[in-house]
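The lines below spell out each chain.
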Amino acid sequence: MSTTRVVILLGVLLAVAVIVPHLLPPVMDDWAIRFATLLLIAVSWNLMANAGLISLGHSGFWGLGAYSAGLFANVTQLPFWVSIFPAMALGAAFGFCLAFITGRLRGLFFAIATLAMAEALRVVALMVPALTGGAEGLFLTDHLRPSRETLTSFTLALTVAAVAISYFLSRSRYHYALRAMRDSEAAVQMLGVNPARFRIGITVLSGAMAATAGMVSAWYTGYLEPGAAFDLKITISAQIAPLFGGLYTVAGPVFGSMALLVVSEVTRLHFGNTAGFGLLAYGIVLVCGVMFMPGGIVGLFRKLRRRPRASMEAV
Amino acid sequence: MSPAASPPVLELQGGFTGYGDSVVVNDVSISVGQGEVVCLLGANGAGKTTLMRAITGLLPLMQGRLVFRGEDISKMPAHDRVRAGICLSPEGRQVFPELTVMENLVLGGFNKRAREFRQRNLDRVFDLFPRLSERKTQAAGLMSGGEQQMLAIARALMGEPKLLALDEPSLGLAPKIVLTVFDAIKTIAQSGITILLVEQNTRAALTVAERGYVLSAGKIVHEGSARELMQSEMIQKAFIGAIYDGDKKRVTRRERRLAALAGKADHA
Ligand SMILES: Nc1ncnc2c1ncn2[C@@H]1O[C@H](COP(=O)(O)OP(=O)(O)OP(=O)(O)O)[C@@H](O)[C@H]1O
Ligand SMILES: [Mg+2]
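Residues numbered from 1 in each chain as written. Chains lettered and ligands numbered in written order. Predicted model: local features only at pLDDT ≥ 70, side-chain atom pairs only at ≥ 80, totals over all residues. Heavy atoms only, no water.

Observations concerning the overall build of chain A
A count of helical and extended segments in chain A gives 15 helices and 2 strands. A compact globule built from 315 residues would reach a C-alpha radius of gyration of about 20 Å, and chain A, at 20 Å, matches this within 12%. With the C-alpha coordinates aligned to their principal axes, the bounding extent of chain A is approximately 70 × 50 × 45 Å. Considering only contacts within chain A whose residues lie at least 6 apart along the sequence, 81% involve residues at least 24 apart. Element-wise, carbon and sulfur atoms account for 73% of the exposed surface of chain A, whose accessible area totals about 15000 Å². The averaged location of the 12 negative side-chain charges in chain A is 15 Å from the averaged location of its 21 positive side-chain charges. (Helix = DSSP H or I, 4+ residues; strand = E, 2+ residues; numbered from the N terminus. Rg over C-alpha atoms; globule rule 2.2 N^0.38 Å. Contact = heavy atoms within 4.5 Å. Areas by Shrake-Rupley, 256 points an atom, 1.4 Å probe, with all protein chains shown as cover. Lys, Arg positive; Asp, Glu negative; His and termini not counted. Charge placed at Lys NZ, Arg CZ, Asp CG, Glu CD.)

Quick look at the structure:
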């Protein structure tokens, strides 16, 4: 696809993202926001994973985004969308700290360090009730909260931006350097790449992106609480979506987030009242998906597309 | 002939380096002149790769001074040394297995100085290794050991080297492929690029090198012109003997590593 066509496509998607929420029934808004916030953290997680940085700290980005947006709005009383700036700034700053503190840690050690840092944030949020409201939580100023339609449009537009960033990064010359860092940072360094700079760059970008998802969720629920804002479940879905959709690919997080939402809704509706059973079914589908589609949904598409081409060549 | 005839491109004076507390390279001084091909010979575990790591910056010097084209680079980080012009084809090749040949090459030319020469350098390496131009879109990990070695050298060349450092390019290759690779090294040398070549394959190394050093247990025990080294009894004793007669442990270490490398290539 040529760049101009991609830009046009992005423009169309952006228009759709802004207009469509105003035409849909409310239940679809709920789906759209859940899909969009999941997609934001999934893209963000995938960016780091692509460079060999497996994060277990995405709930930290999310929580920081949520709290900084909420506190900022409560203090300044500025319109809701302005709070995206402190959210992104704090997410980026946390990303920087993460890269800086973990130094050259890799693999499991890096993952555990990020987990520890995110958990530390949750504990801190509990320990300073004067600022965060502690375990009791904190309400966002009600009259600042946007309508469902507005928030949905805003969030969908964010996802278009996130996917666009991930796409253009995958076309840039930085892509191969990041991709090669996954194999060996020493080997990339021998090609004149400063791995520390790339690490910091990608965690800062990833952190800012994930924080926007937290910001949206804060406005959506209108209420903040450390247990929910720094929930480990966030970190887990941030990695299941790309895994399910297709790890390291641009489209993977998109398909993965959609699929996750569909599976979770279907199992929830189907098993309705027996909630535990719905979760179990959800888990089983995920495990099967990951086991039988190692390349995720994207990998499956690629395989299907390749097969007819091969047989045509045979003719 | 004195190496100081032309000002050296690279000069290491009294270099010490190692891992943690263990000093592996012990008071080593070497110099490489402009346009020269210098080889570094030595048995397994002599410290050749360790010395190479200190020169390319992957290991810090504990002591000593490293000067590259008139500039003291002893404290310069590895990625900046690449920009300065030291490009390495590492031991065991270390190509990026999941990237294609072309992507590996483009990455080799990633540093700022090399970027503007990318097209010229691509033409040059495809000229040098026609095999690679036939396999541009193949994943590097799916290529044979010899092809991967060619790719590793080509990738280093893409970095527009002022000093090309080659660590055991013959490692684990069939004799016929060794010939091909060394022919290419000869061509590179003729194009005027300065080369520092680490080898255990003395015979092959001395066909391209003008001068050499012999490293044993982390010290330089001998140096001289290629001809002198070829005839030297000392070399036979210093490490050819060590490989084939005495030290059984070293033999197995190398064999194990070769097997591991071969296994890795098959696997990928
Ligand atoms: N990463 C490391 N950590 C600790 N010790 C190391 C490391 N790498 C090498 N050594 C030790 O340093 C010594 C020199 O190893 P080096 O790899 O430099 O030898 P070499 O001359 O390159 O041998 P070969 O011909 O087998 O490649 C050996 O005794 C080895 O055990
Ligand atoms: Mg070695």
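And the narrative resumes.
Details of the domain arrangement of chain A
All names here are of chain A. Once the domains are mapped, chain A shows domain 1 (3–230) and domain 2 (244–315). Placing the centre of domain 1 and that of domain 2 at their C-alpha centroids yields a distance of 23 Å. Contact residues are listed per partner, giving 16 residues for domain 1 and 12 residues for domain 2. Counting the surface domain 1 buries against domain 2, the share from its top three residues, R34, F35 and N46, is 37%. Where domain 1 meets domain 2, there are 1 salt bridge. For the pair domain 1 and domain 2, the interface holds 5 residue pairs in polar contact (both at pLDDT 80 or more). Taken together, the elements giving at least two residues each to the side of domain 1 that touches domain 2 come down to α2 (26–50) and α7 (148–171). Broken down by element, the residue count for the side of domain 1 that touches domain 2 peaks at 11 residues, all from α2. Considered class by class, the residues forming the side of domain 1 that touches domain 2 number 10 nonpolar, 4 polar and 2 charged. (Domains from an automatic or database assignment. Buried area = accessible area lost by both parts, 1.4 Å probe. Salt bridge = Lys/Arg side-chain N within 4 Å of Asp/Glu carboxyl O. Polar contact = N/O pair within 3.5 Å; in protein donor to acceptor, adjacent residues only side chain to side chain. Nonpolar A, V, L, I, M, F, W, Y, C, P; charged D, E, K, R; others polar.)

Considerations on the coordination of the magnesium ion (ligand 2)
Think of it this way: four donors in a tetrahedron around the metal ideally sit 109.5 degrees apart, and six in an octahedron ideally sit 90 or 180 degrees apart. Residues and elements named next belong to chain B. Here the magnesium ion (ligand 2) is held by T49 (OG1) and E91 (OE), and the distances to it run 1.9 to 2.3 Å. In this pair, T49 sits in helix α1 (residues 48–56) while E91 sits in the loop between β6 (86–89) and α3 (101–108), placing the two residues 42 residues apart along the sequence. Of the residues examined, T49 reaches a relative accessible area of 14% and is grouped as buried. Here E91 falls in the buried class, since its relative accessible area comes to 18%. (Donors = N, O, S within 2.8 Å, 3.2 Å for Na, K, Ca; no water. Buried < 20%, exposed > 50% of the residue type's maximum accessible area, 1.4 Å probe, protein only.)

Considering the site of ligand 1
Residues and elements named next belong to chain B. Ligand 1 sits among 16 residues. The nearest are N44, T49, T50, E91 and Q200. In the environment of ligand 1, an oxygen atom lies 2.7 Å from a nitrogen or oxygen atom belonging to the side chain of K48. At 2.9 Å, a side-chain N or O of E168 approaches an oxygen atom of ligand 1. The leading source of residues in the shell around ligand 1 is α1, at 4 residues. When its residues are assigned to classes, the shell around ligand 1 shows 4 nonpolar, 6 polar and 6 charged. (Near = heavy atom within 4 Å.)

Focus: the pattern of salt bridges
With the rule as written, the count across this model stands at 17 salt bridges over all chains. For the salt bridge of B:D72 with B:R65, the shortest nitrogen-to-oxygen distance reads 3.3 Å. A relative accessible area of 41% places B:D72 in the partly exposed class. Taken together, the salt bridges that share partners define one network made up of A:D30, A:R34, A:E265 and A:R268.

Considering the packing of α3(B) against helix α5 (residues 118–128) of chain B
All names here are of chain B. Contact geometry for α3 and α5: axes closest at 11 Å, N-to-C directions at 130°. The angle between α3 and α5 falls in the class oblique. Here α3 runs over α5; the crossing is right-handed. The residues of α5 that touch α3, namely those facing M102, L105 and V106, are R118, L122, V125 and F126. Per-class residue counts for the contact of α3 with α5 are 6 nonpolar, no polar and 1 charged. (Axes fitted to C-alpha atoms, helices over the stretch in contact; angles between N-to-C directions. Parallel < 35°, antiparallel > 145°, perpendicular 65-115°, else oblique. Left-handed = near helix turned anticlockwise from the far one by under 90°.)

Considering the nonpolar core
Counting residues in each nonpolar core, the largest one holds 75 residues, and the members touching the most others are B:L10, B:L105, B:L132, B:I195, B:L196 and B:L197. Sequence-distant contacts of B:L196, defined by excluding residues within four places in its chain, comprise B:L10, B:I30, B:V32, B:V38, B:M52, B:I55, B:L163, B:L164, B:A165 and B:L166. Within the second largest apolar cluster, 73 residues are counted, among which are A:A69, A:A125, A:A187 and B:L99. (Core = buried A, V, L, I, M, F, W, Y, C linked by side-chain atoms within 4.5 Å.)

Some details on helix α3 (residues 58–76) of chain A
Residue and element names in this part refer to chain A. Spanning 19 residues, α3 covers 27 Å between terminal C-alpha atoms, matching the ideal 27 Å at 1.5 Å per step. With 14 of its 19 residues buried, α3 lies for the most part within the structure. Phi turns positive, to about 60°, at Q77, one or two residues after α3. (Expected span 1.5 Å × (residues − 1).)

Focus: the side chain of B:N104
All names here are of chain B. Here N104 is to be found in helix α3. One polar contact links the side chain of N104 to the main-chain amide nitrogen of F96, over a distance of 3.0 Å. When residues no more than four places from it in sequence are discounted, the contact partners of N104 are V95, F96, L99, A140, L151 and R155.

Some details on a positive patch on the surface
Together, A:R173, A:R197, B:R83 and B:K112 make up a region of like positive charge exposed at the surface. Take A:R197: it is sitting in helix α10 (residues 195–221). Residue A:R197 is classed as exposed on the basis of its relative accessible area of 60%. (Patch = residues over 30% accessible without salt bridge, like charges linked within 9 Å, V, L, I, M, F, W, Y side chains within 5 Å.)

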